[in-house]
Amino acid sequence: MITRNAAFLSDLLGLCAPSWEHAGMKISAVLFDVDGVLLDSAGAHRRVWNSWSLKRGLDPEKVWELTFGRRPEDTVEDAAAHLDPAVERKVLDELLAQEKDTVAPVEGAAALLEALSGSPWAIVTSGDRAFVEARFAAERLPLPAVQVYGSDVEHAKPAPDCFALAASRLGFATSECLVVEDAPAGIRAAVAAGCIVVGLTTTHPEESLRQAHMCVASLADVRSLLITQGLVASP
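Predicted model, so just to flag it, every value in this text is computed and none were measured.

What follows deals with the pattern of salt bridges. One pass over the structure, following the stated rule, counts 13 salt bridges. Among the salt bridges present, the one from Glu61 reaches Arg46, with a minimum N-O distance of 2.4 Å. Taken together, the residues span a long stretch of sequence, with Glu61 in helix α3 (residues 60–64) and Arg46 in helix α2 (residues 42–55) at a distance of 15 residues. Taking relative accessible area as the criterion, Glu61 reaches 46% and is therefore assigned partly exposed. Of the charged contacts in the structure, one is a salt bridge between Glu181 and Lys157, with a shortest N-O distance of 2.7 Å.

Structure (structure tokens):
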């Protein structure tokens with residue numbers, strides 16, 4: 001179900017119009033976060049961070065709150081300034097690799113990505129390239145030509161750099177890009193980049209995603225929105 005601010009975005013994008021143009025604005029591409037949007041990885045990441053926190057004598061709950069939408073090394077820097085973020089990133093990557101078989105696609109991800117095969121889209125994630133590529137391959141999810149990872153930018157989410165880079169690689173202005181994000185840090189980054197942002201309530205309640213232009217409950221809702229606009233074809 002499409003929720004908060006649907007009327008606002010309908011007015012902004014012209015949701016009932018046959019094209020993406022409204023008041024001089026055109027949406028030409030879709031940028032997806034990965035964790036919590038395309039991959040259901042919250043459980044795996046929670047176990048990784050709990051294990052790491054306990055090994056380092058830290059409060060798992062406090063650390064967990066720092067993780068969403070951010071690079072692991074940035075979380076380490078905030079949670080444990082006395083530790084070397086680069087060293088701890090390797091430890092975290094090793095722990096995550098052990099969880100690979102517990103990560104599955106979010107419901108509707110495969111159908112949505114297949115439907116987008118003829119349209120410009122990208123993934124923009126703070127996650128690890130090798131892990132994402134391996135999980136997409138294992139689950140037979142298509143990977144787009146444009147992929148932006150946390151390692152590709154100096155300043156990761158909540159900085160806007162990653163979304164600006166993805167838009168540039170696709171050849172569009174950020175204002176022409178629709179972003180699908182589930183985490184407050186990612187939403188802040190996308191808004192700062194000048195994108196139109198859809199908050200997906202898979203990992204956070206709607207109240208936490210208030211900076212998004214609208215919120216939806218599922219990828220089926222995202223697909224319905226894109227069908228309405230003609231970016232993907234009806235089933």
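What follows deals with the sheet that holds strand β7 (residues 146–148). The six strands lie next to each other as β7-β6-β3-β8-β9-β10, forming an open sheet whose pairing is parallel. Taken across any chain shown, the strands that pair with only one partner, and hence form the sheet edges, are β7 and β10 (214–216). Direction aside, the axes of adjacent strands within the sheet are offset by 25° on average. As judged from the three bridges shared by strand β6 (residues 121–124) and β7, these two strands associate in the parallel manner. Within the sheet, the bridge partner assigned to Ile123 lies in β7 and is Gln147.

The next point concerns the nonpolar core. As a rule of thumb, soluble globular proteins bury nonpolar side chains together. With 46 residues, the main nonpolar core has Phe32, Leu38, Trp52, Leu116, Leu219 and Leu226 as its most contacted residues. When near neighbours in sequence (up to four residues on either side) are disregarded, Leu116 contacts Val30, Phe32, Trp121, Leu226, Leu231 and Val232. In this structure, Ala29, Val146, Val148 and Val153 belong to the second largest nonpolar core, which totals 24 residues.

Next up on the list: the packing of aromatic side chains. Scanning the model with the defined rule gives three aromatic pairs in all. When the ring of Trp49 is compared with that of Trp52, the centres are 5.4 Å apart and the planes differ by 85°; the resulting orientation is edge-to-face. Note that Trp49 and Trp52 are positioned in helix α2 at a spacing of three residues, about one turn of the helix. The same class applies to Trp49 and to Trp52, which are both buried.

Turning our attention to the packing of α2 against helix α5 (residues 85–97). To describe two helices that pack against each other, one gives the angle between their axes and the distance between the axes. Look at α2 against α5: their axes get within 9 Å of each other, and the N-to-C directions meet at 135°. With respect to α5, the axis of α2 lies oblique. Crossing angle aside, the handedness with which α2 passes α5 is right-handed. Side by side, α2 and α5 meet where His45, Val48, Trp49, Ser51 and Trp52 of the first sit next to Glu88, Val91, Leu92, Leu95 and Leu96 of the second. Within the contact of α2 with α5, the residues separate by chemical class into seven nonpolar, two polar and one charged.

Conventions adopted
Residues numbered from 1 in each chain as written. Predicted model: local features only at pLDDT ≥ 70, side-chain atom pairs only at ≥ 80, totals over all residues. Heavy atoms only, no water. Salt bridge = Lys/Arg side-chain N within 4 Å of Asp/Glu carboxyl O. Helix = DSSP H or I, 4+ residues; strand = E, 2+ residues; numbered from the N terminus. Buried < 20%, exposed > 50% of the residue type's maximum accessible area, 1.4 Å probe, protein only. Pairing = 2+ DSSP bridges. Axes fitted to C-alpha atoms, helices over the stretch in contact; angles between N-to-C directions. Core = buried A, V, L, I, M, F, W, Y, C linked by side-chain atoms within 4.5 Å. Contact = heavy atoms within 4.5 Å. Phe/Tyr/Trp six-rings, centres within 6.5 Å; stacked < 30°, edge-to-face > 60°. Parallel < 35°, antiparallel > 145°, perpendicular 65-115°, else oblique. Left-handed = near helix turned anticlockwise from the far one by under 90°. Nonpolar A, V, L, I, M, F, W, Y, C, P; charged D, E, K, R; others polar.

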